[in-house]
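Structural description and commentary
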Amino acid sequence: MSESRAFCPRCGDPVPERSTTDANDPLRPGAEVELCDSCYFEDFDFVDAPNRIDVRVCAQCGAVYRGNRWVDVGAQDYTDIAIEEVSEALGVHVDVEDVAWQIDPEQVDQNTIRMHSFFTGVVRETPVEEEVTVPVKIARQTCTRCGRIAGDYYASIVQIRAEDRTPTTEEIERAKEIANGIVADMEATGDRNAFVTEIGELDDGLNIKVSTNKIGKKISNKMIEEFGGTVNDAETLVTEDEDGNEVYRVTFAVRLPPYRPGNVIDLADDDGGPVLVRSARGNLKGVRVTTGERYEAGYEEGNSPDARKLGDLEDAAEATVVTVEDDNAVQVLDPETFRATTVARPDYFDPDAETVPVLKSRAGLHILPEDDD
Ligand SMILES: [Zn+2]
Ligand SMILES: [Zn+2]
């Protein structure tokens, strides 16, 4: 018989000797000497639960106050929030294996949910179970973000305007989309300070009020990246914060270029023929509707060469081709008078076409390319 025995340090009863692995278990510090089962279970506390849990929930957006800030938890209702908070707050003894639990919420009143939680597990080869009931008190409040939105707070304003014209519906709609998209992306990364305060349409464009200068800057940059044009920013001192720091509101003035893709323009001091604008980002680029040659404005002119607008690609009417005269001329039926008219033949003209899109303007009749790109 081996005399290698250990004894319970509390009651002195013999206990089976622990294996070396058990004794060195880092999860059980201070457990060098094993208590007997009876002493062990005397002190054993399966579930550690607070007496009650107070939760501050934003009544507007459902954010929950945790630590020292509001966080979005994506909960559908207050019961979801209560379950999540209870899961965070309850602890089970580290020795227990095969822990399983279920939770049964009981709505006591509008702001109180009693959480009946039932735990099972195994420790020292003995099944254990415990039921705890934790009342969760919901306090309905308004989070910082919803408070600011309700107070029409904004730090930055983006003004969308266009040079010598009003922005098109497409540009206006795209600006709204960009603003909402940028904010949604920032929200998705957990940024609760990002929101659009107000989008206001005016006769000459759009004003977008947003919660931070960074968002204003992003919207303006994205707009000119897509449509061309320029942006100027100006700071206005609005107030001082509680620490005496000056708080500025930044206005981003976006000026979209005077011409946009699809416009047909007549350049001043130029006899090369009207130009169909293809791009207004950087220098204005396009194609001559008389020859099909490429046009690009000089550096000085940028996106606003001296010109007048004749019409739009989408204003084009279908005209019947009568005959191809030579390399430079085609006869088509004028879509308004139905008289055969000789017009310039651009190189994008397809000699097999029965009809072609034409634009009739102050500058005469011109064949446009098919509206495909
Ligand atoms: Zn003992
Ligand atoms: Zn809120």
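Being a predicted model, the structure only gives us computed values, none of them experimental.

So, the coordination of the zinc ion (ligand 2)
- Surrounding the zinc ion (ligand 2) are the protein donor atoms C58 (SG), C61 (SG), C143 (SG) and C146 (SG), at 2.2 to 2.3 Å.
- Coordination geometry of the zinc ion (ligand 2): the four donor atoms subtend angles of 106 to 112 degrees at the metal centre, consistent with an arrangement described as tetrahedral.
- Here the donor residues of the zinc ion (ligand 2) are spaced in sequence according to C-x2-C-x81-C-x2-C. In this pair, C61 is assigned in the loop between β4 (53–58) and β5 (64–66) and C146 in helix α4 (residues 144–150), connecting sequence segments 85 residues apart.

Here we look at the pattern of salt bridges
- Under the counting rule described, the total for this entry stands at 25 salt bridges.
- Of the charged contacts, one joins D72 and R192 as a salt bridge, the two residues approaching to 2.5 Å between their closest N and O atoms. One end of the pair, D72, is in the loop between β6 (69–71) and α3 (78–89); the other, R192, is in the loop between α5 (169–188) and β12 (196–202), with 120 residues separating them in the sequence.
- For R192, a relative accessible area of 11% corresponds to the buried category.
- For the salt bridge of R308 with D266, the shortest nitrogen-to-oxygen distance reads 3.6 Å. With R308 in strand β20 (residues 307–312) and D266 in strand β16 (residues 263–267), this residue pair connects regions lying 42 residues apart in the sequence.

Notes on the environment of D72
- Expressed as a C-alpha distance, the spacing of D72 and G205, which sit 133 residues apart in the sequence, is 34 Å.
- Ignoring any residue separated from it by four or fewer positions in sequence, one finds D72 in contact with A63 and R192.
- A polar side-chain atom of D72 sits 2.5 Å from a polar atom in the side chain of R192.

Quick look at the confidence of the model for the protein
- For the protein, per-residue confidence averages 89 on the pLDDT scale, and 94% of positions sit at 70 or higher.
- Within the protein, the element-level pLDDT minimum falls on helix α1 (residues 20–23), averaging 54, and the maximum on strand β11 (residues 156–162), averaging 97.

Quick look at the coordination of the zinc ion (ligand 1)
- Distances from the zinc ion (ligand 1) to its protein donors, C8 (SG), C11 (SG), C36 (SG) and C39 (SG), fall at 2.2 to 2.4 Å.
- Between the four donor atoms coordinating the zinc ion (ligand 1), the angles at the centre fall across 103 to 117 degrees, so the site counts as tetrahedral.
- Read in sequence order, the donor residues coordinating the zinc ion (ligand 1) give the pattern C-x2-C-x24-C-x2-C.
- On the accessibility criterion, C36 (8% relative accessible area) is buried.
- Classification of C39 by relative accessible area gives buried; the value is 6%.

Comments concerning the sheet that holds strand β21 (residues 317–324)
- Within the open sheet, the five strands sit side by side as β23-β22-β21-β24-β25. Their pairing is antiparallel. A strand with exactly one partner marks an edge of an open sheet, and here the two such strands are β23 (340–344) and β25 (364–367). Here the average twist between neighbouring strands, direction ignored, is 50 degrees.
- The pairing of strand β22 (residues 329–333) with β23 spans five bridges and is classified as antiparallel. Bridging from a neighbouring strand, Q331 pairs with T342 of β23.

A few points about the sheet that holds β11
- Pairing in this open sheet of five strands is mixed, and the strands run β12-β13-β11-β15-β14 from one edge to the other. At either end of the open sheet lies a strand with only one pairing partner, and these are β12 and β14 (230–240). Across the sheet, the mean angle from the axis of one strand to that of its neighbour is 15 degrees, orientation sign disregarded.
- Where β12 lies against strand β13 (residues 205–210), six bridges are found, and the strand directions are antiparallel. Bridge assignment links E198 to a residue of β13, and that residue is K209.
- Across the sheet, α5 touches β11, β12, β13 and β15 (246–256), and the angle it forms with β12 is around 175 degrees.
- Where helix α6 (residues 213–227) meets the sheet, its contacts fall on β11, β13, β14 and β15, and the angle it forms with β15 comes to roughly 10 degrees.

Parameters at a glance
- Residues numbered from 1 in each chain as written.
- Chains lettered and ligands numbered in written order.
- Predicted model: local features only at pLDDT ≥ 70, side-chain atom pairs only at ≥ 80, totals over all residues.
- Heavy atoms only, no water.
- Donors = N, O, S within 2.8 Å, 3.2 Å for Na, K, Ca; no water.
- Tetrahedral: all angles 85-135°; square planar, octahedral: opposite > 155°, others 65-115°.
- Helix = DSSP H or I, 4+ residues; strand = E, 2+ residues; numbered from the N terminus.
- Salt bridge = Lys/Arg side-chain N within 4 Å of Asp/Glu carboxyl O.
- Buried < 20%, exposed > 50% of the residue type's maximum accessible area, 1.4 Å probe, protein only.
- Contact = heavy atoms within 4.5 Å.
- Polar contact = N/O pair within 3.5 Å; in protein donor to acceptor, adjacent residues only side chain to side chain.
- pLDDT = per-residue confidence, 0-100.
- Pairing = 2+ DSSP bridges.
- Axes fitted to C-alpha atoms, helices over the stretch in contact; angles between N-to-C directions.

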